[in-house]
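Each chain, letter by letter, is given below.
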Amino acid sequence: MTPSVGIAKHDGAALTPEQLLRHAEQAMNAAKSTGTGAIRLYDESMDAEAQRRFALDAQLKHALERGEFTVHYQPQLDLASGELYACEALLRWKSARLGPVFPDEFIPLAEENGYILDIGAWVLEQACRDAVTWSERDLSIRGVAVNVSVLQFIQPGFAPLVRDTLARTGLEPGSLELEITESLLAADTQSAVATLTALKAIGVRLSIDDFGTGYSSLSQLKHFPIDRIKIDRAFIRDLHTDSQDAAITDAIIAMAGSLGLRVLAEGVETEEHLERLMAAGCDEIQGYWLGRPQPAEALLEDLERIDALLDRLHRGVRATPIARAS
Ligand code: C2E
Ligand code: CA
Ligand code: CA
């Protein structure tokens, strides 16, 4: 049980019982959004938060049918081969009324209200279509990674949806990776294993996102048929100055290696990060150093720059350039 507690005080102002209860509820919602097991006391800023949520909800409901979403892609590099392991699909929303809204703000709301089911299915389809285009153009991008929310994952129809989307778009199952958060594994182990097994049977790859921020342990991972883990960027940011972050990162890389899992480090922003991770034996990296998330067309134009960057890094080690002459 993980309660979220909201407290409102009657401080003598002319509040009706209904208003007092509403304040308590707003405080509880604020507590919920800060994480599990939090306690918040009502204050006036929560009115503004509540209004923002209300506005977001009203717009989010129609965003898909209004065509307000796009998918951006961020490259992930395989350090050993120097090839692009995959690109991660990251959702972008430009609301006609509210302007651009960050995923960190609207995804939790979409999960709460269930909109993420339709939105997530749309992202999956879009990402598969774009990945088919890359393979047709003979670019050596090995696939696409799509974020899956826990709510999507626990739907009984999720594995069939993935299978149908692959069939419809013509993408090789091995070119699709699904990124799942750690919290899923903690939630309900048995049914999680069943769904993961069904997905593995289809042939897709599975990874654990934001590893290290949840409550699962590396020993738990052996029960799950996953291919890789992504170390959360919180551990990478101060890698070269914070010895604890460095120790955790090294431990994750070493233990994942002995469990036969691949490891990707997120949030690699500098060459210092990169060198430290290469020395630690990390398999893959993703982050601003290599490239920011961008629309599919822009990514393709950016491949030459990425090639030049990797050439400088690897001088001659790489077998094939990423942007092949078309
Ligand atoms: P995530 O899955 O951990 O995605 C990585 C986030 O880190 C992205 O933020 C990306 O833009 C950012 N990032 C990448 N490299 C760097 C770096 O070097 N430095 C820094 N500071 N940040 C970097 P974004 O695109 O804002 O997405 C935030 C979160 O929203 C994602 O975190 C993911 O949990 C969620 N999300 C995005 N798209 C989808 C989607 O289609 N479905 C679902 N369910 N969730 C999504
Ligand atoms: Ca992700
Ligand atoms: Ca992540």
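Our structure's up above, just so we're on the same page.
Residues numbered from 1 in each chain as written. Chains lettered and ligands numbered in written order. Predicted model: local features only at pLDDT ≥ 70, side-chain atom pairs only at ≥ 80, totals over all residues. Heavy atoms only, no water.

### Let's talk about the pairing of strand E8 (residues 205–211)
- Summarising burial for E8: six of the seven residues are buried, a large majority.
- With five bridges connecting them, strand E7 (residues 176–181) and E8 associate as parallel partners. Note that in E8 the partner of Leu178 across the bridge is Leu206.
- As paired elements, E8 and strand E9 (residues 228–231) share three bridges and run parallel to each other. When the sheet's bridge partners are listed, Ile208 is paired in E9 with Ile229. (Buried < 20%, exposed > 50% of the residue type's maximum accessible area, 1.4 Å probe, protein only. Helix = DSSP H or I, 4+ residues; strand = E, 2+ residues; numbered from the N terminus. Pairing = 2+ DSSP bridges.)

### Points about the site of ligand 1
- Surveying the vicinity of ligand 1 reveals 21 residues, the closest of which are Gln74, Arg92, Arg233, Glu269 and Tyr288.
- Within the side chain of Arg233, a nitrogen or oxygen atom sits 2.7 Å from an oxygen atom of ligand 1.
- Notes on ligand 1: free accessible area 800 Å², of which the protein chains cover 86%.
- For the shell around ligand 1, the leading source of residues is strand E4 (residues 84–95), giving four residues.
- Of the residues assigned to the shell around ligand 1, the class counts are eight nonpolar, five polar and eight charged. (Near = heavy atom within 4 Å. Polar contact = N/O pair within 3.5 Å; in protein donor to acceptor, adjacent residues only side chain to side chain. Areas by Shrake-Rupley, 256 points an atom, 1.4 Å probe, with all protein chains shown as cover. Nonpolar A, V, L, I, M, F, W, Y, C, P; charged D, E, K, R; others polar.)

### Some points on the pattern of salt bridges
- Per the counting criterion, the structure on display carries 19 salt bridges.
- Note that Glu177 and Arg205 form a salt bridge whose closest N and O atoms lie 3.6 Å from each other. On the criterion of sequence distance, the pair formed by Glu177 in strand E7 and Arg205 in strand E8 is long-range, its members being 28 residues apart.
- The buried category is assigned to Glu177, whose relative accessible area is 0%.
- In this structure Arg205 comes out as buried when scored by relative accessible area, which is 16%.
- As a salt-bridge pair, Arg228 and Glu284 come within 2.7 Å of each other at their nearest N and O atoms. Residue Arg228 is located in strand E9, and its partner Glu284 is located in strand E11 (residues 284–286); the two are separated by 56 residues in the primary sequence.
- A residue is classified by how much of its surface remains accessible, and Glu284, at 0% relative accessible area, is buried.
- Through salt bridges with shared partners, one network takes in Asp78, Glu83, Arg142, Glu177, Arg205, Arg228, Arg262 and Glu284. (Salt bridge = Lys/Arg side-chain N within 4 Å of Asp/Glu carboxyl O.)

### Some remarks on helix H12 (residues 271–280)
- Taken together, the buried positions of H12 are His273, Leu274 and Leu277. Down the axis of H12, the buried side of the element spans an arc of 95°, and every buried residue falls inside it.
- Close packing links the buried residues of H12 with helix H10 (233–236), helix H11 (243–258), strand E10 (262–265), E11 and helix H13 (296–314).
- Directly beyond the C-terminal end of H12, a positive phi value near 90° is found at Gly281. (Arc of directions from axis to C-beta. Contact = heavy atoms within 4.5 Å.)

### Observations concerning the environment of Pro293
- Here Pro293 shows up in the loop between E11 and strand E12 (294–295).
- Once the C-alpha coordinates of Pro293 and Gly174 are considered, the two residues, 119 residues apart in sequence, prove to be 22 Å apart.
- Other than its neighbours up to four places away in sequence, Pro293 contacts His72, Tyr73, Gln74, Leu90, Arg92 and Tyr288.

### Some thoughts on the coordination of the calcium ion (ligand 3)
- Only Asp209 (OD), Asp210 (OD), Glu266 (OE) and Glu266 (OE) from the protein reach the calcium ion (ligand 3) as donors, at distances of 2.1 to 2.6 Å.
- Positions of the donor residues of the calcium ion (ligand 3), expressed as sequence spacing, correspond to D-D-x55-E.
- In this structure, the calcium ion (ligand 3) lies 3.9 Å away from the calcium ion (ligand 2), the two metals sharing Asp209 as a donor. Highlighted residues: Asp210 in strand E8 and Glu266 in the loop between E10 and H12, separated in sequence by 56 residues.
- Note on Asp210: relative accessible area 26%, which makes it partly exposed. (Donors = N, O, S within 2.8 Å, 3.2 Å for Na, K, Ca; no water.)

### Some remarks on the side chain of Gln152
- Assignment of secondary structure puts Gln152 in helix H5 (residues 150–153).
- Every residue in contact with Gln152, bar those within four places of it in the chain, is listed here: Ile116, Leu117, Gly120, Ala121, Asn147 and Phe158.

### Structural notes on the side chain of Gln74
- Within the secondary structure, Gln74 sits in strand E3 (residues 69–78).
- Contact partners of Gln74, with chain neighbours within four places excluded, come to Ala86, Cys87, Glu88, Leu90, Gln286, Gly287, Tyr288, Gly291, Arg292 and Pro293.

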